[in-house]
Amino acid sequence: MTDAVARIHAALADAGVTGWLHALDIDSGEQLDAGADQPVCTASVHKLCLLVTLHEQAARGALDLAEQVEAVPEGRTAGPTGVAAMLDAARMSLRDLAYLMMAVSDNAAADLLLRRVGLDAVNATTARLGLTRTRAVHTFGEMLATVREDAGPDGARALADPRVVSRLRALDPARSNRSTPRDMTRLLGAVWRDEACTPEHGAAMRRIMGLQVWPHRLASGFPFDDVHVAGKTGSLPTLRNEVGVVEYPDGGRYAVAVFTRTAHTAATLPAADAVIGTAARIAVDALRARAFRSSR
Amino acid sequence: MRHLECFVAVAEESHFGRAAARLGMAQPPLSQRVQRLERELGVRLFERTSRQVRITEAGTLLLAEAREVLSRTESFLAAARRVRDGETGLLRAALPPDLSGETVAALLADFGERHAGLELELHELSTAQQLDRLAAHDLDVGVVHHPCDVTGLELGPVLRRELGVLLPAGAAAAALAEVPLPALSGRDLILFPRAAAPALYDELLTTCARGGFTPAAVRHGQGASFVQGLVLSSGAVALCPRDAAPPGQGSGEGDVVWRPLTGGAPALRHSAAWPKGRGDAAVQAFAEAATHALRTAAGAVPDAPARPLHLRPASEYWL
C-alpha cells in the first residue's frame, strides 16, 4: 500500500502536479490515503453535493424533480457548456437541469438549482452525512465573480500571471467551497450504498453521474469497456479535480477522490488531466490486490 | 494489360531489345505497342534517341501505378482461374507463428481432403504482415489475431484460446496448480515483438496489468525454443496457450512448466480472414479447415463476449 502511495506521488510529480487522493472500497471499507485530509477547493465537484441535496429534498417531498424551471438569458451564470453557453430562454425540469449540471458541469443549471434549494440546504445535507470538513460558501456564479474580480481588468489573460493566480480567493479553501478527499469518498459511498437517499433517488443520482461526458480525467485511467465510471470534475485556474466511483464486473466498487494543482498556469494540460486517471487506477489496483490477498 | 507490361519492361530495362527479350517478343511489335499506349494516354512515356531510351518525368509518375495495376491483374487472374477450375490452381495462405505443429498438421490434412487438387502456398506470418498482404491481394486467406483492423476483410468465426504461463520449474508459482496473475508480479514478461500484432500486444499488457501483473520489463521473443531458453536462464515468464506448451506436461515435467492462469487471464482470439468479396471455394475450404483445426487440435472455443459493456457518453453512440 505504501508502494502504491509512492507510485501515486511519482505519477503526479511526473505530470507536473501536486495532488491529494483518497480511495475507498465501498463494500469492504478498505482505504488508500495519499493526502486524504487535505483541505481542498472543490470547484465544480461541489455540484455533487447539490445533486444529493436536490434528491434528498425530492425524497422528503419538498420538491418535485419534474417541476419546470424557466431559464431566461438575463442574469444567467456564465460558462462554456450547457444552458450557461446558450443564447435564448429555455424551460426544463429540475432533474434535467441536474443532468446538465453533472454531465457537462453546466454552471447556469447549477445556479438555477441552487436558487431552488438554497446554499444552506446543501450544507445541511453534507453535515447530515457526516462531511464535517465540507462547506459551500458561495454559488457557482459568485465563485466565478471572485475569479473575475481577482483577475482584474486584464481578464482571463491575467490568469497566466503566477502573482494573479496566487491571489485568487477561489483557490483558497478557507475562502471558497471546500472539502477533503476523504469527505468526498464518504459522500460517494453514501450515494452508492443508498444511505444518502432512497434507493430510487440513489439510482437516479448514479445514472446522472454515469452520464458525465468528460473522458480525460478519472475515466482515462480505466480503459475497459466492462468497467463503469461515474464522476464529477471540478476545474479552476491551475486546479483539476475529479471524484467518482469505478465499478468492476466482479462487483468491486471503489470511490476515488483526486484533487490536484498544477505548477503551470496553462489551461490546457492534457497530462495533468490524465494523471487523475492514472493515480486513481494505481489506488484501485492496490485496493483490488489487497482484496485478492485477503480472499486467499 | 499487355501494353502496360510492355511499358513496365521497357522502363525497367531502359532498352527496347532487352525488354523485348524479357517479354519473349520481337522488338518492332514492342515499340509499336509502346507508341500505341502513348497515343492512347496522350502522354509521352519515353525519350528515344538513336542508341538509348530514357523514361520521361511523366512516365516515372505513371510507372508505380502501372505496376500496381499489373499486380492486381495477376491476383485477379489467379482468382478467376481458381473460380473457373474449382479444384485446381494456387491458394496463397498464411498462419500465425503461435500454432502448434499438431494444429498445422491437422489443418493441412483437412484442407488436403477438401481440396486435393489445389496447390497450397503456405506462409508463417504475423498478423501485421498478413493484413498488409491481404490488402495488397498478395495473400488469399490467413488466420489473424484480434484485435486488428478488419477493414476490407471478411472473417470466419472468432475463436478463443485461453493463455497460460510458462515459468521455470523452480519458481514458487510453479508449485501452484493454477497461477493467479498477481503471483507473477516483479517478473519480466516475454512477448512477441509489438510490430507483429500491435493491438494484441497492447491488449495483453493491459489485461495483465488489470489482473495485477505489471511486468518489471518486457522482453521480445517468438520462437518456442528461444522463449523457453529465456524463461530458463532469466526467470522471465511467457504467455502461452495450452496446446503450444512444451511437451512433457503433467508427469515428469521439464525445466519449463506450463500452468493455467487465473484472475482475468488474457486470451488469444483468432479468425480466418480474406479480402471482402474474394471468398471463393478454395478460400472457404481453407478457412473451414483452419477453424476446425483450431477447435479440435488447439482447443479453441467460440469467443462469446461474457462481460458487460458500459458505453461512456464520450463514445457518442448508444444502443
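Residues numbered from 1 in each chain as written. Chains lettered and ligands numbered in written order. Predicted model: local features only at pLDDT ≥ 70, side-chain atom pairs only at ≥ 80, totals over all residues.

(A) Quick peek at the overall build of chain B. Broken down by element type, chain B carries nine helices and 14 strands. By the compact-globule yardstick of 20 Å for 319 residues, chain B is too spread out, its C-alpha radius of gyration being 26 Å. Counting only C-alpha atoms and orienting by the principal axes, one finds that chain B spans roughly 80 × 50 × 40 Å. Considering chain B as a whole, with its 319 residues, one finds that 36% of them fall into the buried category. Put simply, of all contacts in chain B between residues at least 6 apart along the chain, 76% involve residues at least 24 apart. (Helix = DSSP H or I, 4+ residues; strand = E, 2+ residues; numbered from the N terminus. Rg over C-alpha atoms; globule rule 2.2 N^0.38 Å. Buried ≥ 20, exposed ≤ 12 C-beta atoms within 10 Å, placed from the backbone. Contact = placed C-beta atoms within 7 Å.)

(B) Molecular detail of the packing of helix 1 (residues 2-14) of chain A against helix 10 (residues 270-294) of chain A. Residue and element names in this part refer to chain A. For the pair helix 1 and helix 10, the least separation of the axes is 9 Å and the interaxial angle reads 175°. Comparing their axes, helix 10 and helix 1 come out roughly antiparallel. For the pair formed by helix 1 and helix 10, the contact residues are Ala 4, Arg 7, Ile 8, Ala 11 and Leu 12 on the first element and Val 275, Thr 278, Ala 279, Ile 282, Ala 283 and Ala 286 on the second. Residue composition of the contact of helix 1 with helix 10, by class: nine nonpolar, one polar and one charged. (Axes fitted to C-alpha atoms, helices over the stretch in contact; angles between N-to-C directions. Parallel < 35°, antiparallel > 145°, perpendicular 65-115°, else oblique. Nonpolar A, V, L, I, M, F, W, Y, C, P; charged D, E, K, R; others polar.)

(C) Geometry of the interface of chain A and chain B. Taken together, the contacts link 17 residues of chain A with eleven residues of chain B. Put simply, the parts of the chain that give the side of chain A that touches chain B at least two residues each are strand 7 (228-236) and helix 10 of chain A. Per-element tally for the side of chain A that touches chain B: the top contributor is helix 10 of chain A, with three residues. By residue class, the composition of the side of chain A that touches chain B is twelve nonpolar, two polar and three charged.

(D) Inspection of the environment of Pro 275 of chain B at higher detail. In this structure, Pro 275 of chain B sits in strand 13 (residues 267-275). Along the chain, Pro 275 of chain B and Arg 133 of chain B lie 142 residues apart, while their C-alpha atoms are 9.8 Å from each other.

(E) How the structure looks around helix 1 (residues 2-13) of chain B. Residues and elements named next belong to chain B. Over its twelve residues, helix 1 extends 16 Å from the first C-alpha to the last, a length consistent with the 16 Å expected when each residue adds 1.5 Å. Regarding helix 1, the residues found buried are Cys 6, Phe 7, Ala 9, Val 10 and Ala 11. Directly after helix 1, the chain includes Ser 14, whose backbone phi takes a positive value near 50°. (Expected span 1.5 Å × (residues − 1).)

(F) Representation of the nonpolar core within the structure. In this structure, Ala 23, Ala 98, Leu 113, Tyr 254, Val 256, Ala 279 and Ala 283 of chain A are the most contacted members of the largest nonpolar core, which totals 94 residues. Ignoring any residue separated from it by four or fewer positions in sequence, one finds Ala 283 of chain A in contact with Ala 4, Ile 8, Leu 21, Ala 23, Leu 32 and Val 256 of chain A. Membership of the second largest hydrophobic core comes to 69 residues, among which are Leu 99, Ala 128, Ala 272 and Ala 297 of chain B. (Core = buried A, V, L, I, M, F, W, Y, C linked by C-beta atoms within 7 Å.)

(G) The pairing of strand 8 (residues 239-247) of chain A, seen in detail. Residues and elements named next belong to chain A. Where burial is concerned, most of strand 8 is hidden: nine out of the nine residues are buried. Burial along strand 8 is two-sided: the residues Leu 239, Asn 241, Val 243, Val 245 and Glu 247 and Arg 240, Glu 242, Gly 244 and Val 246 are all buried. With nine bridges joining them, strand 7 and strand 8 adopt antiparallel strand pairing. Note that in strand 8 the partner of His 228 across the bridge is Glu 247. Here strand 7 folds back onto strand 8, and the loop between the two strands holds two residues, one of which, Thr 238, carries a positive phi near 70°. Taken together, the nine bridges between strand 8 and strand 9 (residues 253-262) define a ladder with antiparallel strand orientation. Directly across from Glu 247, in strand 9, lies its bridge partner Arg 253. (Pairing = 2+ DSSP bridges.)

(H) Helix 5 (residues 119-128) of chain A, seen in detail. Residue and element names in this part refer to chain A. When helix 5 is considered as a whole, its buried residues turn out to be Val 122, Thr 125 and Thr 126. Along helix 5, the residues classed as buried sweep out an arc of 95° about the axis, all on the same side. In helix 5, the exposed residues that point more than 90 degrees away from the buried face are Asp 120 and Ala 127. Residues of helix 5 that are buried make contact with helix 2 (46-60) and helix 4 (107-117). Looking one or two places after helix 5, you find Gly 130, whose phi comes out positive at around 85°. (Arc of directions from axis to C-beta.)

(I) Just the UniProt feature "domain: Beta-lactamase class A catalytic" (unreviewed entry) in chain A, in detail. Under the UniProt annotation, the feature "domain: Beta-lactamase class A catalytic" (unreviewed entry) is placed at residues 21-260 of chain A. The span residues 21-260 of chain A carries 36% helix and 20% strand; its end-to-end C-alpha distance comes to 9 Å. (UniProt positions renumbered as here; feature names shortened; annotations may be inferred.)

(J) Looking closely at the confidence of the model for chain B. Here chain B shows a mean pLDDT of 88. Residues at 70 or above account for 94%. In the predicted complex, the global pTM is 0.78; the interface-specific ipTM is 0.85. (pLDDT = per-residue confidence, 0-100.)

(K) Inspection of the sheet that holds strand 1 (residues 17-25) of chain A at higher detail. All names here are of chain A. If you trace the five strands from one edge of the open sheet to the other, you get 2-1-9-8-7, paired in antiparallel fashion. Both outer strands of the open sheet, strand 2 (31-34) and strand 7, are each paired with one neighbouring strand and no more. Each strand axis lies, on average, 10° off the axis of its neighbour in the sheet, ignoring direction.

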